[in-house]
Amino acid sequence: MKHNMKLTTRLALATCLMANAGLASAAEMGAVDEPIKLAINEWTGQHITTRVAGELLTQMGYKVEYVTAGYYPQMTALEDNSVTATLEIWTSNIGELATEALDSGNVTDIGRLGLEIGETWWYNNAAKEACPGLPDWKALKDCSELFAVAETYPDGRLLDYPVEWGTTNVDRIEALDLPLKSVPAGSEGALVVEIKAAEEKNEPLLVQFWTPHWLAAEVDLHMVDLPEFFEGCFDDPSGGMNPDATYDCDWKSGHTFKVAWIGMADKWPAAHAFLSAYQMTLDDQLPMLAAVDNNGEDLSTVVNGWIDANEAVWKPWVDAATN
């Protein structure tokens, strides 16, 4: 009975969306027989953001194709519609690649996603107790040995991002003259395992991490107060506290935004309008992240569950795009 009710709800939602789509002319809907190609990047939150949008586009009457695309290479792929849109770009780590893509004239910014983000160094409660000078980064000069492991002793370990993600922490540690060594994790999963293990053992941990992430609901992590980011920190050594080095500052804070191939607005007008209006907030994404990554639930089931429960959120975007 529960399954039948769920199916009925899904069919009703699809009928509602198709009815809305029918109110738009063929020109407004555009090339419904050709797939809109949405980029799938390397982390679960981006999968959720993209699959929610893709499912709603499908229900509007569009064909959607999910293209596995590297976070950095996708910016070039957008220029010729190898990827039509990518929906979760983090300003804190995309660097000049987004600027170059937008400057090409073949890629367009289609608005903020609404997901608040943060990337920096974090420490756990065990470190907070053992190093009371934190969150001031200068406390790490005296407390670094708390984070030492066999491969770094006597220096402390900064558990870092996987190598393939790219990181600037080797430069940052040197610029701040800290007795630390960057040790890359093997994967996102390995980072999570080490954070949870340190929590269970009540062992101090210093780690490069980000928010939003479902782990925040389980482990109490605190941001290190690194020297404040300033424009030019990554390329001009004269502006920071260390006149001989770049990266003597925190990671750049930022926001998330969406970009699309320049031809999307003409080829799929209603889809372009929908994706421009589309939002994903921290309150929306975090429970889905926890369900998928922590509870092992199926991604499609979680995404469709959110859609079923949040018609009041997404229906105005669809209505505005198709009416």
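Residues numbered from 1 in each chain as written. Predicted model: local features only at pLDDT ≥ 70, side-chain atom pairs only at ≥ 80, totals over all residues. Heavy atoms only, no water.

1. So, the pattern of salt bridges
One pass over the full model with this rule turns up seven salt bridges. Linking K267 and E34 is a salt bridge whose minimum nitrogen-to-oxygen distance equals 2.6 Å. Of this pair, K267 sits in helix α10 (residues 264-267) while E34 sits in the loop between α2 (26-29) and β1 (36-40); the two residues are 233 residues apart in sequence, bridging distant segments of the chain. Its salt-bridge partner being R157, residue E194 comes within 3.0 Å of it at the nearest N-O pair. Note that E194 is positioned in helix α9 (residues 188-201) and R157 in strand β6 (residues 156-160), a separation of 37 residues in sequence. (Salt bridge = Lys/Arg side-chain N within 4 Å of Asp/Glu carboxyl O. Helix = DSSP H or I, 4+ residues; strand = E, 2+ residues; numbered from the N terminus.)

2. Re empty space enclosed by the protein
Going through the model one piece at a time under the given rule, you end up with one cavity of 30 Å³ or more. Quantified by volume, the largest cavity comes out at close to 60 Å³. As for the largest cavity, its lining consists of W43, T44, G45, E88, W90, E188, W210, P212, H213, Q285, L289 and D293. With three residues, helix α12 (residues 282-294) is the single largest residue contributor to the lining of the largest cavity. Its residues placed into classes, the lining of the largest cavity shows five nonpolar, four polar and three charged. (1 Å grid on protein atoms, 1.4 Å probe; cavity = no way out; pocket = protein on both sides within 12 Å on 5 of 7 lines; lining within 4 Å. Points joined across faces, edges and corners; volume = space filled by probe spheres on them. Nonpolar A, V, L, I, M, F, W, Y, C, P; charged D, E, K, R; others polar.)

3. Some details on the pairing of β1
Of all five residues in β1, five are buried, a share of seventy percent or more. Here β1 shows a buried face lined by I36, L38 and I40 and a second buried face lined by K37 and A39. In the sheet, β1 pairs with strand β2 (residues 64-68) via five bridges, with the strands oriented parallel. Note on β2: the bridge partner recorded for K37 is E65. In this view, the connection linking β1 to its parallel neighbour β2 by way of helix α3 (residues 44-60) has right-handed handedness. (Buried < 20%, exposed > 50% of the residue type's maximum accessible area, 1.4 Å probe, protein only. Pairing = 2+ DSSP bridges. Right-handed = clockwise from strand over helix to strand, strands pointing away.)

4. Concerning the confidence of the model for the chain
With 92% of its residues at a pLDDT of 70 or more, the chain has an overall mean of 90. Confidence drops under a pLDDT of 50 for residues 1-27, and excluding neighbours within four residues, the segment shows 38 contacts in the predicted structure. (pLDDT = per-residue confidence, 0-100. Contact = heavy atoms within 4.5 Å.)

5. A closer look at the layout of surface pockets
In this model, the largest pocket occupies a volume close to 910 Å³. Along the walls of the largest pocket sit 33 residues, with Y72, S92, N93, I94 and G95 positioned nearest its centre. Looking at the lining of the largest pocket, its residues break down into 16 nonpolar, nine polar and eight charged.

6. Regarding the nonpolar core
Of all hydrophobic cores here, the largest spans 92 residues; its most connected members are V52, W121, F209, F274 and L275. If one sorts the elements of this core by residue count, α3 sits on top with six residues. (Core = buried A, V, L, I, M, F, W, Y, C linked by side-chain atoms within 4.5 Å.)

7. Focus on α12
The first and last C-alpha atoms of α12 sit 17 Å apart over 13 residues, in line with the 18 Å expected at 1.5 Å per residue. Among the residues making up α12, those that are buried are D284, Q285, M288, L289, A290, A291 and V292. Taken together, the buried residues of α12 touch α3, β3 (85-90), β4 (107-116) and α13 (299-309). (Expected span 1.5 Å × (residues − 1).)

8. Here's the deal with the environment of T120
With respect to the secondary-structure elements, T120 resides in strand β5 (residues 118-124). Overall, T120 belongs to the buried group, its relative accessible area being 2%. Ignoring any residue separated from it by four or fewer positions in sequence, one finds T120 in contact with V207, Q208, F209, M223, V224, L226, D250 and W251. A polar contact of 2.8 Å, which involves the side chain of T120, links it to the side chain of D250. (Polar contact = N/O pair within 3.5 Å; in protein donor to acceptor, adjacent residues only side chain to side chain.)

9. A closer look at the packing of α12 against α13
The interhelical angle for the contact between α12 and α13, taken along N-to-C directions, is 150°, at an axis separation of 10 Å. One way to sum up the angle between α12 and α13 is to call them roughly antiparallel. The two elements α12 and α13 meet at a crossing, and its hand is right-handed. Between α12, through D284, M288, A291 and V292, and α13, the contact on the second element is made entirely by L299, V302, V303 and W306. Residue classes in the contact of α12 with α13 are distributed as seven nonpolar, no polar and one charged. (Axes fitted to C-alpha atoms, helices over the stretch in contact; angles between N-to-C directions. Parallel < 35°, antiparallel > 145°, perpendicular 65-115°, else oblique. Left-handed = near helix turned anticlockwise from the far one by under 90°.)

10. Comments concerning unusual backbone geometry
Residues other than glycine predominantly adopt negative phi, and peptide bonds predominantly adopt the trans conformation. For the bond running from L134 to P135, omega is 20°, close enough to zero to count as cis. The step from Y153 to P154 runs through a cis peptide bond, and the omega angle for that step is 10°. Residue position: P154 is located in the loop between α7 (140-143) and β6.

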